[in-house]
Amino acid sequence: MPLQGLWTADHGKLPPWKGDFHNDMNVQMCYWAYYASGRFESGESLIDFLLDLAPAHRRFAKDFFGVDGLMVPGVMGLKGQPLVGWAQYTLSPTMSVWLLQNIYWHWRHTMDEVFLTEKCYPYCREMALTMEALLNRDEAGNLKLALSSSPEIHNNTLQAWVTPNSNNDQALLIWMAEAMMEMAGALKLQKDVEHWRIFRSGLEDLAVDQDKVLRLSPTESLEESHRHHAHLMAIYPLGITHIEGSPEEREVVIASLDNLKALGTQQWVGFSFPWASCLEARAARADEAYRYLDIYVDAFTSPNGFNLNGDQSGKGYSNYTYRPFTLVANFGASQAVHEMLLQSWGGIVRIFPAVPSHWKDVSFRDLWAEGGFIISAEQKKGETVSLRIK
């Protein structure tokens, strides 16, 4: 599903963003909500699409990166071919890793062993090995990309090449190593587990500034409002940095979200708000999660429900006021509600982890959690009164 799904607003010209597949966030977020809602047959469309395009993506890895294996273009046509765009993002190799998380989430929510054995792990392993082949060790022995970027930062300028590795790239690599260890362990592939453990040991910690705020890169911090929250990937959707870790880790999460709020929303577009809502929900800051979602519905949705990328409210939430429509933020908003009601990361299921203070009576039915659990629950007057786990 591209950004407009079945619809286009082309006016006889190319539709917005050429109607392509943007793999620097848009495709990924379009599929965020199907896991908790249990719509696995719909979600398999993305997985089957990627697996069917594997021959094209092997050619892309060889022709462009000069390595064997799989790489998915950041901006892609229907046949899997790379399309023109800002090179820093359209050709970033870590976009491939972000797509792996969609495939991994499918396994974690279904716990389908056949899927893991026959589709998920072989595909993920091939791509992860390709990613590994692109890395070199620096003088300290740390794994580094030759070129690094953070989606849409500095637009299409030379400054968009940041000091390797950006927090976006580093977070994806850390997540990849840990996910590969988990999947290999589930399949009892001990040699693979050890391989990815060694790989993980070569990855530095994420870059944090003196105020405990996650940076863009080891040498640069985000200093102004920006639409893409790539530097916070570790918090959401990757979940490798969270409030249930050490006191220092919790401090990083809170300081980073406070900084995001302080920088303001003037340069945000529609998808920025649901993503921020998911980030706040993971930090259990329920009222902040609700506030971002409320702004999105108020200012960035049209009467027919489509997301309009610019602020249509006239209330000044964003400096962008244009009207190209996409579907990505709609699915992100659905996922934000899921994150308020149910979270299931790190081997723990959390019921009502981020319910806004004014939601006194709230319930959900048959949401899926990681581990293959189907859960229903209800709160009355702010207290959980029922819980069913299947």
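Just above, that's the structure.
Values in this document were obtained by computation on a predicted structure and should not be read as measured data.

Calculation notes
- Residues numbered from 1 in each chain as written.
- Predicted model: local features only at pLDDT ≥ 70, side-chain atom pairs only at ≥ 80, totals over all residues.
- Heavy atoms only, no water.
- Helix = DSSP H or I, 4+ residues; strand = E, 2+ residues; numbered from the N terminus.
- Buried < 20%, exposed > 50% of the residue type's maximum accessible area, 1.4 Å probe, protein only.
- Contact = heavy atoms within 4.5 Å.
- Expected span 1.5 Å × (residues − 1).
- Salt bridge = Lys/Arg side-chain N within 4 Å of Asp/Glu carboxyl O.
- Core = buried A, V, L, I, M, F, W, Y, C linked by side-chain atoms within 4.5 Å.
- Pairing = 2+ DSSP bridges.
- Axes fitted to C-alpha atoms, helices over the stretch in contact; angles between N-to-C directions.

Asker: Give me the side chain of His231: which residues, what numbers.
Answerer: In this structure, His231 sits in the loop between helix H9 (190–201) and helix H10 (247–263). For His231, a relative accessible area of 4% puts it in the buried group. Ignoring any residue separated from it by four or fewer positions in sequence, one finds His231 in contact with Ser150, Asn167, Leu214, Arg215, Leu216, Leu222 and Leu260.

Asker: Could you give an account of helix H8 (residues 167–186), with specific residues and numbers?
Answerer: Taking 1.5 Å as the rise per residue, H8 with 20 residues should run 28 Å; its terminal C-alpha atoms sit 28 Å apart, in good agreement. Counting buried residues in H8 gives 16 out of 20 residues, a clear majority hidden from the surface. Following H8 by one or two positions, Lys188 adopts a phi angle in the positive range, close to 60°.

Asker: Requested: an account of the pattern of salt bridges, with residues and values cited.
Answerer: Using the criterion set out here, one finds 19 salt bridges in the structure. Close ionic contact of Arg291 with Glu288 constitutes a salt bridge, the shortest N to O distance being 3.2 Å. Placement of the pair is Arg291 and Glu288 together in helix H12 (residues 286–299), with a separation of three residues, close to one helical turn. Residue Arg291 is classed as partly exposed on the basis of its relative accessible area, which comes to 31%. Salt bridges here are not isolated pairs; linked through shared partners, they connect Arg108, Glu182 and Glu370.

Asker: Account for the nonpolar core, naming residues and giving values.
Answerer: Core analysis: the largest hydrophobic core is formed by 98 residues, its most contacted members being Ile103, Trp175, Met176, Met183, Phe199 and Trp275. Setting aside residues no more than four positions away along its own chain, Trp175 makes contact with Val97, Leu100, Gln101, Tyr104, Leu238 and Ile240. Judged by nonpolar contacts, the second largest core, of ten residues, contains Phe352, Val355, Phe364 and Ile375.

Asker: Tell me what's going on with the sheet that holds strand E11 (residues 383–389), and back it up with residues and numbers.
Answerer: Across the sheet, which stays open at both edges, the three strands sit in the order E9-E10-E11 with antiparallel pairing between neighbours. The open sheet has two free edges, formed respectively by strand E9 (362–369) and E11, since each of these has just one partner strand. Between one strand axis and the next, the sheet turns through 15° on average, direction left out of account. One ladder, built from six bridges, connects strand E10 (residues 373–380) with E11; its direction is antiparallel. Across the sheet, the residue bridging to Lys380 is Glu383, located in E11.

Asker: Before we move on, can you summarise the environment of Ser150 with the specific residues and values?
Answerer: Within the element layout of this structure, Ser150 appears in the loop between strand E4 (143–145) and H8. Counting along the chain gives ten residues from Ser150 to Ala160, while the straight-line C-alpha distance between them is 7.4 Å.

Treat this as a map of the structure, not an account of what it does.
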